[in-house]
Amino acid sequence: MEKNIDNKSVLTGNLKSISIKDLLLKYSIYIVLVALVIIFSSLNPKFLGDANIANFLRQIPTVGIITVAITMVLIIGGVDLSIGAIAAFTGTTAAYMATKGFNPIIVIVVSLLIGAMWGLFNGVLITQFKLEPFILTMGTSYLIRGLILFFTNGIYIKGLPDWFYSLSNTKVGIKLIHSNTVMFILITLIMAYVMKNTRFGRYTYVIGSNKESARLSGINVNKHFVKVYVLEGIFAAIAGILLMSNLNVGAPSEANGLDLFAMAAAIIGGAQFGGGVGTIGGAIVGILTIQVFQSGLAIMGVNTFIQQAVTGTIIVVAVIIDFYRKRSIFNKKS
């Protein structure tokens, strides 16, 4: 009898220790986010001031939408280093068309189609030729960026019409909220629902977990893989349009490095290289944490170059986190 009680006590203790460890691992990013807000707001009252919050909300939509897009790609087991270039290409194209007097609907539709075509280009090459996504999209990133710089000579496109500026900068409700923030929130909520509650989302997770099992269960793996990249291209186009609208210029050199930034956020938020794991919500918390950290450093007057070094450190930390998560999963399975 005493032996059974001792065994139960040991088992209960083990379960408690395991659950606490898992909970800390699962919710650590939320703890870090709250801690950063408390620390920076206590160090500098301006951190939670209207000006800084407004600036934060104006900056987050572009990188946030890219984070949503790249999270889908990571979940299915892909990688895309060209999403920032696609955003720059489509956004600059939209700005150019706007200056030429094209109808706003035509400008937006054409830009979204261009984003979708670049996504299709990546997806088809990866699936049909069994290419490594990391290397391929690195190449297409240079290709896309080179083309837009060639066509514009690297010069900003100015003189945009008022309607283009309004796409990102129309106030919605309170003065701190603008249309680009609302667009970001809507995309996040829609894709969080899609990934969790629809066939598209389920297929994405299944393929990311095991492509061969997905194929044997009747899923057209290549077709779905391409769909994810096309959708990512469309989101990149939306992010690019909102970015150029916010800047009120067509800037072909913008959105450089956002792909790595977004990937780091997705991984910190729970996604993994290799696929099958991650959530849109977790990725958004990841990007909010990184942005809060950067905003805090800026308002504290930290040198810009140090901020860049910190960003690089965050990416390194994300890779380390991914390594330890995979090792933890492997140990549990064995």
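Conventions we followed
- Residues numbered from 1 in each chain as written.
- Predicted model: local features only at pLDDT ≥ 70, side-chain atom pairs only at ≥ 80, totals over all residues.
- Heavy atoms only, no water.
- UniProt positions renumbered as here; feature names shortened; annotations may be inferred.
- 1 Å grid on protein atoms, 1.4 Å probe; cavity = no way out; pocket = protein on both sides within 12 Å on 5 of 7 lines; lining within 4 Å.
- Points joined across faces, edges and corners; volume = space filled by probe spheres on them.
- Helix = DSSP H or I, 4+ residues; strand = E, 2+ residues; numbered from the N terminus.
- Nonpolar A, V, L, I, M, F, W, Y, C, P; charged D, E, K, R; others polar.
- Expected span 1.5 Å × (residues − 1).
- Buried < 20%, exposed > 50% of the residue type's maximum accessible area, 1.4 Å probe, protein only.
- Arc of directions from axis to C-beta.
- Contact = heavy atoms within 4.5 Å.
- pLDDT = per-residue confidence, 0-100.
- Axes fitted to C-alpha atoms, helices over the stretch in contact; angles between N-to-C directions.
- Left-handed = near helix turned anticlockwise from the far one by under 90°.
- Phe/Tyr/Trp six-rings, centres within 6.5 Å; stacked < 30°, edge-to-face > 60°.

The name recorded for the chain in an unreviewed UniProt entry is Ribose transport system permease protein RbsC, from Clostridium colicanis DSM 13634. Word for word, the UniProt comment on the chain under Subcellular location (unreviewed entry) is "Cell membrane".

Caption draft 1: Molecular detail of the layout of surface pockets. Taken as a whole, the largest pocket spans an internal volume of roughly 860 Å³. Looking at the lining of the largest pocket, the elements with two or more residues in it are helix H2 (50–75), helix H10 (221–247), helix H11 (258–268), helix H12 (280–299) and helix H13 (304–333). A per-element tally of the lining of the largest pocket places H2 first, with seven residues. Of the residues assigned to the lining of the largest pocket, the class counts are nine nonpolar, 16 polar and two charged.

Caption draft 2: Here's a closer look at helix H5 (residues 133–152). The end-to-end C-alpha distance of H5, which contains 20 residues, comes to 28 Å, matching closely the 28 Å that a straight helix rising 1.5 Å per residue would cover. Those residues of H5 lying buried are Pro133, Leu136, Thr137, Thr140, Ser141, Ile144, Arg145, Ile148 and Thr152. Along H5, the residues classed as buried sweep out an arc of 155 degrees about the axis, all on the same side. Of the exposed residues in H5, those oriented more than 90 degrees away from the buried face are Ile135, Tyr142 and Phe150. Looking at the packing, one finds that the buried side of H5 touches helix H3 (83–99), helix H4 (104–128) and H10. Backbone geometry just after H5 places asparagine 153 at a positive phi near 60 degrees.

Caption draft 3: Expanded view of the environment of tyrosine 165. Among the structural elements, tyrosine 165 can be located in helix H6 (residues 162–169). Linking tyrosine 165 and methionine 244, residues 79 residues apart in sequence, is a C-alpha distance of 8.2 Å. Not counting residues within four places of it along the chain, the set of residues in contact with tyrosine 165 comprises Arg58, Ser245, Asn246 and Asn248.

Caption draft 4: Structural view of the confidence of the model for the chain. Looking at the chain as a whole, its pLDDT mean stands at 88, while 89% of the residues score no less than 70. Counting interchain partners and residues more than four positions distant, the pLDDT-below-50 stretch residues 1–11 has zero contacts.

Caption draft 5: Seen up close, unusual backbone geometry. The phi dihedral of asparagine 153 falls on the positive side, at around 60 degrees, and the residue is not glycine. Examined against the element boundaries, asparagine 153 turns out to sit in the loop between H5 and H6. Phi at asparagine 248 is positive, roughly 65 degrees, even though this residue is not glycine. Note on placement: asparagine 248 falls in the loop between H10 and H11.

Caption draft 6: The arrangement of the packing of H4 against H10 in detail. Put simply, H4 and H10 touch, their axes get as near as 7 Å, and they point 145 degrees apart. When the axes of H4 and H10 are compared, the crossing they make is right-handed. When its residues are assigned to classes, the contact of H4 with H10 shows 14 nonpolar, nine polar and no charged.

Caption draft 7: Highlighting the packing of aromatic side chains. Applying the stated rule across the entire model yields seven aromatic pairs. Aromatic pair phenylalanine 40 and phenylalanine 47: ring centres 5.6 Å apart, planes at 35 degrees, arrangement tilted. Ring geometry for phenylalanine 89 against tryptophan 118: centres 5.7 Å apart, planes inclined by 80 degrees, an arrangement best described as edge-to-face. Note that phenylalanine 89 is positioned in helix H3 and tryptophan 118 in helix H4, a separation of 29 residues in sequence. Exposure remark for phenylalanine 89: the relative accessible area of 11% places this residue in the buried category. Each member of the aromatic cluster is reached from another via a ring pair, and the members are Phe40, Phe47 and Phe293.

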